[in-house]
Amino acid sequence: MRAAIYARFSSERQEKEHTIGSQVGGLAELCNQNGMEIIEEFTDEGYSGARLGSPALDRMRDLAERRGFEVLLTHCTDRLARKFVLQALILEELERFGVKAIFLEGGAADDPLSKLMHQITGAVAEFERAKIAERNRRGKLYRARCGEIVAGQVPFGYVRIPRRDSVASHVEIRDDEAAVVRRIFDTYVKQGLTVRQIAKQLTLEETPTPGGGREWNWAKVDRILHDEAYIGTLYYNRFNCAMAEGTYGQKRPHVKRTLRPREEWIPISVPSIIDLETFHQAGMRGKDNQKFSPRNLQEPAYLLRKLVHCGHCGCSCFAKTLNPTAARPYHYYVCHECKGASLKRSAVHSDASVRMRWTKLVWEEVSTRLQDPSWCWKHTEMAGLIVWIEMSLGRTKQAQKLATQIKLANTEMTRLLDAYQVGAIETVGLAEAPTAG
């Protein structure tokens, strides 16, 4: 009689205790005693029995469907699966293929008394697994609140040091990866590169990614720029993980992660790689990029988009166009509170909208100030704003002229600073601001 052997273990501790060897040895001895021919041995190493899908179990089921053996020997029912429903599914499938299941602990699966015992042991195994998972979860939460690193994966730039010699598990800075993190923040905050430009630069230089690959994308860079671990706080218990059914073309179940409320996060202190000021500057630039992104400013009429606030409640106003297909459409800035349900509108918000025609007055005031050389000298960081606005409105010639004036002003300022450093001029000489051109 042709027989197949199946064995499984799910943890490193079981591997150290040679659980697979003991299972296979006992089953092989049972085959020899009953004169069975072992066709193949199926072993799953390090796979949990909580769900189906382990490689050896799938191969065993495929061989049973092809009538490759008549008897399956395994140690007990919980080696097939930890849940009773899954055990019953596999046993019913084997019976349909004409395969008799025999367990080293419990006898044959077709015996009435053995079926009862299998049902009882399956329920006990499922309960035991749930109890172990709950104990493991509570233990990890306790250790995390004590400041220990319990997660297997740590952010890019750190290395996890396991617990040893009564020293709790912790993280240390990995110098090569930390240098990449500092470079990302420096190029983003100080040099003004975008996340896509940084990703392209790192990819061309073949810098290893957090996953060990060579191709960076904007999502990996953006994740690093928003990770609070780099300023000294690593959070545990951020996500709630649960098994979800396959959707959108995914045939097998997958783990779905949902973000928990922030008050449930457990902060763990870790060595910082980035200073707090640089991290905040990166966050502010990210918000500005989102607010003034070109994809959000496609229509030139919305010059003050995200900048106009309601005079009644202070809420941000959004841009709205009435009759967009008409020859002369009407553009408005409307308060978010006014957009809500009519029952929630207050009397003061009944006319909380501003016509776009007032944008011209704001533009004229901004243009007057930016074209004043003395004012630009005092506010050099604002001088480039008018260039961007002129180009967004299609006024290329005016933008080029202003850019040339700003460049000349910056050159004059650099010359004055160089002359002051070599002692060619006194401090008094810098009191008057030079004029562009």
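Up top is the structure these notes are about.
For the structure given in this document, a descriptive report is provided here. All values reported here derive from a predicted model rather than from experimental measurement.

### Focus on the pairing of strand 1 (residues 2–9)
Now for step 1: Burial runs high along strand 1: seven of the eight residues are buried.
Now for step 2: Sheet topology places strand 1 next to strand 2 (residues 37–45); eight bridges connect them, and they run parallel. From the neighbouring strand, R8 faces strand 2, where its bridge partner is D44.

### Side note on the pattern of salt bridges
Now for step 1: On inspection of all chains with the given rule, the structure shows 13 salt bridges.
Now for step 2: The partner of R143 in a salt bridge is E148, and the shortest N-O contact between them spans 3.5 Å.
Now for step 3: Residue class for E148 comes out buried when judged on its relative accessible area of 6%.

### Describing the packing of helix 8 (residues 195–204) against helix 9 (residues 218–225)
Now for step 1: For the pair helix 8 and helix 9, interaxial distance at closest approach is 8 Å and the crossing angle is 110°. With respect to helix 9, the element helix 8 is oriented roughly perpendicular. Taken as a pair, helix 8 and helix 9 cross one another with a handedness that is right-handed. Side by side, helix 8 and helix 9 meet where V195, R196, I198 and A199 of the first sit next to W218, V221 and L225 of the second.
Now for step 2: Counted by class, the contact of helix 8 with helix 9 contains six nonpolar, no polar and one charged residues.

### Structural notes on helix 8
Now for step 1: When helix 8 is considered as a whole, its buried residues turn out to be V195, I198, A199 and L202. For helix 8, the buried positions fall inside an angular range of 100° around the axis, keeping them on one side. In helix 8, the exposed positions that point more than 90 degrees away from the buried face belong to R196, K200 and L204.
Now for step 2: In this fold, the buried residues of helix 8 make contact with helix 7 (175–189) and helix 9.

### Observations concerning the side chain of R8
Now for step 1: Counting through the fold element by element, R8 comes out in strand 1.
Now for step 2: Note on R8: relative accessible area 2%, which makes it buried.
Now for step 3: Ignoring sequence-local partners within four residues, the contact set of R8 consists of I20, Q23, D44, Y47, S48, G49, D78, R79 and R82.

### A few points about the nonpolar core
Now for step 1: The biggest cluster of nonpolar side chains holds 33 residues, and the ones touching the most others in it are V181, I184, F185, W216, V221, I224 and Y230.
Now for step 2: Of the residues forming this core, the biggest block, six residues, is contributed by helix 7.
Now for step 3: Non-local contacts of I184, meaning those with residues more than four positions away in its chain, are made with I198, L202, W216, V221, I224 and L225.
Now for step 4: Core analysis: the second largest hydrophobic core is formed by 17 residues, L57, L63, L80 and A101 among them.

Cut-off values and rules
Residues numbered from 1 in each chain as written. Predicted model: local features only at pLDDT ≥ 70, side-chain atom pairs only at ≥ 80, totals over all residues. Heavy atoms only, no water. Buried < 20%, exposed > 50% of the residue type's maximum accessible area, 1.4 Å probe, protein only. Helix = DSSP H or I, 4+ residues; strand = E, 2+ residues; numbered from the N terminus. Pairing = 2+ DSSP bridges. Salt bridge = Lys/Arg side-chain N within 4 Å of Asp/Glu carboxyl O. Axes fitted to C-alpha atoms, helices over the stretch in contact; angles between N-to-C directions. Parallel < 35°, antiparallel > 145°, perpendicular 65-115°, else oblique. Left-handed = near helix turned anticlockwise from the far one by under 90°. Contact = heavy atoms within 4.5 Å. Nonpolar A, V, L, I, M, F, W, Y, C, P; charged D, E, K, R; others polar. Arc of directions from axis to C-beta. Core = buried A, V, L, I, M, F, W, Y, C linked by side-chain atoms within 4.5 Å.

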